[in-house]
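The chain contents come next:
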Protein chains: 2
Amino acid sequence: MPSPPRARRKEDARARILAEARHIVLEQGFEALTMRRIAEAAGYSAAALYLHFENREAIARELGESGMHSLLKALTEAAASADEPVKRLRALALAYVGFARIEPETYRLIFMEPSFAASALGGKDEAGAAAFQLLAGAFEALDRAGRLRPGQDLGGLALTFWILLHGTVSLKLTCSAFLSPPEEDLLAAALDSLLNGVLAPEPMGSKQPER
Amino acid sequence: MPSPPRARRKEDARARILAEARHIVLEQGFEALTMRRIAEAAGYSAAALYLHFENREAIARELGESGMHSLLKALTEAAASADEPVKRLRALALAYVGFARIEPETYRLIFMEPSFAASALGGKDEAGAAAFQLLAGAFEALDRAGRLRPGQDLGGLALTFWILLHGTVSLKLTCSAFLSPPEEDLLAAALDSLLNGVLAPEPMGSKQPER
DNA sequence: ATGTTCACTAAACATTGTTCATAAATTGAA
DNA sequence: TTCAATTTATGAACAATGTTTAGTGAACAT
């Protein structure tokens with residue numbers, strides 16, 4: 001049989017290296033992702049990895065980017081699963097939290113690693129921006145349905161929503177000992193408070209609540 | 001002059017090592033905190049550090065604990081600065097964000113490093129719990145003043161507040177390129193939304209908004 | 001066939017945390 | 001004071017990390 005062309009084999013090698021790297025991160029965590037371990041798992045010497053990737057960081061970056069695509073996919077499906085705007089918000093929240101639960105190390109890599117997030121969100125990879133647009137879209141739908149209080153900043157609301165999502169996930173990831181309730185409950189409560197408010201409405205005629 | 005007693009000198013050495021370590025973290029970031037660098041700055045060999053600390057991790061832990069005390073102090077002062085409950089909440093939020101702005105690396109160490117938060121918040125050091133109690137206390141004050149909607153879970157609200165604080169700070173820390181507004185503005189908007197709610201009140205007689 | 005490019009490896013380097021044998025300094029008692 | 005013991009510190013070494021380099025065949029194009 002004819003041996004596949006060189007370019008093809010090179011792509012295969014790249015893919016195999018990435019697959020093994022992903023496997024290691026999933027099984028043993030991000031800190032266990034060493035060049036020698038990846039190389040051994042892929043059947044190479046450590047030096048060979050540098051023929052396919054510039055860096056260890058480059059490998060991590062690709063892992064993060066593909067993780068971001070997974071997240072985007074999960075969010076897209078969630079957004080499509082509910083027409084009613086509030087239900088869509090909750091579906092998005094559940095999908096976000098679900099992704100972080102299934103791949104905590106990937107989430108950490110994308111959103112909590114010092115060096116990474118900048119290049120992932122600021123780079124030419126638009127998955128991150130697309131994911132955020134999904135959140136923003138849910139609030140636009142909420143607005144179109146007339147469900148929002150007047151004078152809301154839609155972009156600001158989407159940011160606040162993201163802050164809530166990320167706050168819940170990342171706090172649970174690092175301080176799980178201190179946070180007994182599961183992510184879903186934490187987030188559900190927070191989202192309820194956000195949507196319905198916390199302060200009691202002032203009786204008519206009294207002074208307005210501070211802003 | 002008599003040389004100070006041994007215990008005293010040993011304490012001094014410990015303190016000096018910690019001070020230099022803190023200096024390095026502040027100046028060059030947490031990743032630059034290597035044993036040899038600390039040792040050189042403190043005028044020791046690397047091996048000497050192990051006479052005063054079990055680990056590099058032990059040094060980092062002490063830095064984190066003292067950082068947590070700083071945060072607790074800042075929050076305490078903020079809480080005392082405002083009697084009016086809503087203003088106290090905002091003061092706490094500003095203090096939290098301000099701490100993270102002044103010592104981002106310390107914040108990262110405490111709340112974003114994989115290994116750390118568990119031991120810092122779960123350990124016998126109560127600064128973390130005390131800090132959280134300050135947040136909870138603000139909501140209790142809010143409740144006592146009759147400013148809360150009926151049937152609110154005070155503990156849950158405090159958690160949500162913390163989630164908001166941490167979400168804002170940590171997202172800004174890792175995705176600053178994607179988040180143009182300063183932390184204070186992000187957090188102020190989020191807090192406004194949380195307190196006053198997002199959804200428009202339904203007209204009387206119609207069905208209740210989804211929960 | 002032959003020269004060139006490519007894929008790969010073994011070995012090495014610098015840097016990391018950590019340990020160990022050893023030496024110097026300090027201390028408490030004889 | 002003298003002397004043994006304890007404490008404090010060091011330099012060298014070890015294992016593991018990311019990365020670079022020289023060298024070696026194999027695959028390729030001509």
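All of these numbers come straight from a predicted model, not from anything done at the bench. (Residues numbered from 1 in each chain as written. Chains lettered and ligands numbered in written order. Predicted model: local features only at pLDDT ≥ 70, side-chain atom pairs only at ≥ 80, totals over all residues. Heavy atoms only, no water.)

A. Quick look at the overall build of chain A. Across its full length, chain A carries nine helices and zero strands. Along chain A, from the amino end to the carboxyl end, the secondary structure elements read α-α-α-α-α-α-α-α-α. The buried share of chain A, reckoned over its 211 residues, is 48%. Considering only contacts within chain A whose residues lie at least 6 apart along the sequence, 65% involve residues at least 24 apart. Surface accessibility of chain A: about 10,500 Å² in total, with carbon and sulfur atoms responsible for 53%. (Helix = DSSP H or I, 4+ residues; strand = E, 2+ residues; numbered from the N terminus. Buried < 20%, exposed > 50% of the residue type's maximum accessible area, 1.4 Å probe, protein only. Contact = heavy atoms within 4.5 Å. Areas by Shrake-Rupley, 256 points an atom, 1.4 Å probe, with all protein chains shown as cover.)

B. Representation of the pattern of salt bridges within the structure. Under the definition given, this model contains twelve salt bridges over all chains. Residues Arg101(B) and Glu184(B) are paired through a salt bridge, measuring 2.8 Å at the closest nitrogen-oxygen approach. Residue Arg101(B) is found in helix α4 (residues 85–102), and its partner Glu184(B) is found in helix α9 (residues 183–196); the two are separated by 83 residues along the sequence. Looking at Glu184(B), the relative accessible area reads 24%, which means it is partly exposed. A single network of salt bridges, built from pairs that share partners, joins Arg101(A), Glu183(A) and Glu184(A). (Salt bridge = Lys/Arg side-chain N within 4 Å of Asp/Glu carboxyl O.)

C. Region of the structure containing the side chain of His166(A). Along the polypeptide, His166(A) turns up in helix α8 (residues 154–174). We classify His166(A) as buried; its relative accessible area is 0%. Separated by 2.7 Å, the side chains of His166(A) and Ser170(B) make a polar contact. Discounting chain neighbours no more than four positions away, the residues touching His166(A) are Tyr96(A), Tyr107(A), Phe111(A), Met112(A), Leu171(A), Gly167(B), Ser170(B) and Leu171(B). (Polar contact = N/O pair within 3.5 Å; in protein donor to acceptor, adjacent residues only side chain to side chain.)

D. Representation of helix α7 (residues 127–144) of chain B in the model. Between the first and last C-alpha of α7(B) there are 25 Å, a value that for 18 residues agrees with the 26 Å anticipated at 1.5 Å per step. When we look at burial in α7(B), the residues that qualify are Ala127(B), Gly128(B), Ala131(B), Phe132(B), Leu134(B), Leu135(B), Ala136(B), Gly137(B), Ala138(B), Phe139(B), Ala141(B) and Leu142(B). (Expected span 1.5 Å × (residues − 1).)

E. Spotlight on the interface of chain A and chain B. The partner chain B presents 50 residues to the 50 residues of chain A that form the contact. Contact between chain A and chain B buries roughly 4,900 Å² in total, counting both sides, with carbon and sulfur atoms accounting for 66%. In terms of surface lost to chain B, no three residues of chain A exceed Phe178(A), Val198(A) and Leu199(A), which account for 15% of the buried area on that side. For the pair chain A and chain B, the number of links is six residue pairs in polar contact (both at pLDDT 80 or more). Elements represented by at least two residues in the side of chain A that touches chain B include exactly α4 (85–102), α5 (104–111), α6 (116–122), α7 (127–144), α8 and α9 (183–196) of chain A. For the side of chain A that touches chain B, the residue count by class is 30 nonpolar, ten polar and ten charged. (Buried area = accessible area lost by both parts, 1.4 Å probe. Nonpolar A, V, L, I, M, F, W, Y, C, P; charged D, E, K, R; others polar.)

F. Spotlight on the packing of aromatic side chains. Counting across every chain of the model gives 16 aromatic pairs over all chains. Here the aromatic rings of Trp162(A) and Phe178(B) are separated by 5.8 Å at their centres, their planes lie at 85°, and the arrangement is edge-to-face. With one member in each of two chains, Trp162(A) in helix α8 and Phe178(B) in the loop between α8 (154–174) and α9 form a pair that bridges those chains. The exposure class of Trp162(A) is buried, given its relative accessible area of 5%. On the accessibility criterion, Phe178(B) (26% relative accessible area) is partly exposed. Ring centres 5.6 Å apart and planes at 75° place the aromatic pair Phe139(B) and Phe161(B) in the edge-to-face group. Here the residue Phe139(B) occupies a position in helix α7, and Phe161(B) occupies one in helix α8, the gap between them amounting to 22 residues. Site record: aromatic cluster; members linked through ring pairs are Tyr96(A), Tyr107(A), Phe111(A), Phe132(A), Trp162(A) and Phe178(B). Here Arg56(A) stacks its cationic end above the ring of Phe30(A), 5.2 Å away from the centre of that ring. (Phe/Tyr/Trp six-rings, centres within 6.5 Å; stacked < 30°, edge-to-face > 60°. Lys NZ or Arg CZ within 6 Å of the ring centre and 35° of its normal.)

G. Representation of the relation of the copies chain A and chain B within the structure. Least-squares fitting of chain A to chain B yields an RMSD of 0.1 Å, with the superposition described by an axial translation of 0.0 Å and a rotation of 180°. Such a combination of turn and shift is consistent with a two-fold rotation axis. A share of 100% of interface residues in chain A that are also interface residues in chain B marks the association as one of identical surfaces. (Least-squares fit on C-alpha atoms with pLDDT ≥ 70 in both.)

H. Here's a closer look at the environment of Leu142(B). Its location among the elements puts Leu142(B) in helix α7. Not counting chain neighbours up to four residues away, the residues in contact with Leu142(B) comprise Leu199(A), Pro85(B), Val86(B), Leu89(B), Arg147(B) and Leu148(B).

I. Examining the protein's contact with DNA strand C more closely. Around DNA strand C, 22 residues are found, and the nearest of them are Ser45(A), His52(A), Arg36(B), Tyr50(B) and Arg56(B). At the protein interface, 63% of the atoms of DNA strand C within 4 Å belong to sugar or phosphate. Within the contact set of DNA strand C, a base nitrogen lies 2.8 Å away from a side-chain nitrogen or oxygen of Arg36(B). Separating a phosphate oxygen of DNA strand C from a side-chain N or O atom of Arg37(B) is a distance of 3.3 Å. Contributions of two or more residues to the surface near DNA strand C are made by α1 (6–28) of chain A together with α1 (6–28) and α2 (35–42) of chain B. Per-element accounting of the surface near DNA strand C gives the leading share, three residues, to α2(B). Tallied by class, the residues present in the surface near DNA strand C amount to eight nonpolar, six polar and eight charged. (Near = heavy atom within 4 Å.)

J. View of the protein's contact with DNA strand D. Around DNA strand D sit 21 residues, and of these Arg36(A), Tyr50(A), Asn55(A), Arg56(A) and Ser45(B) come closest. Sugar and phosphate atoms form 61% of the subset of DNA strand D atoms that lie within 4 Å of the protein. Here a phosphate oxygen of DNA strand D sits 2.9 Å away from a polar atom, N or O, in the side chain of Asn55(A). At a separation of 3.3 Å, a phosphate oxygen of DNA strand D approaches a polar side-chain atom of Tyr44(B). Those elements giving two or more residues to the surface near DNA strand D turn out to be α1 and α2 (35–42) of chain A together with α1 of chain B. The element best represented in the surface near DNA strand D is α2(A), accounting for three residues. Taken together, the residues of the surface near DNA strand D break down into eight nonpolar, five polar and eight charged.

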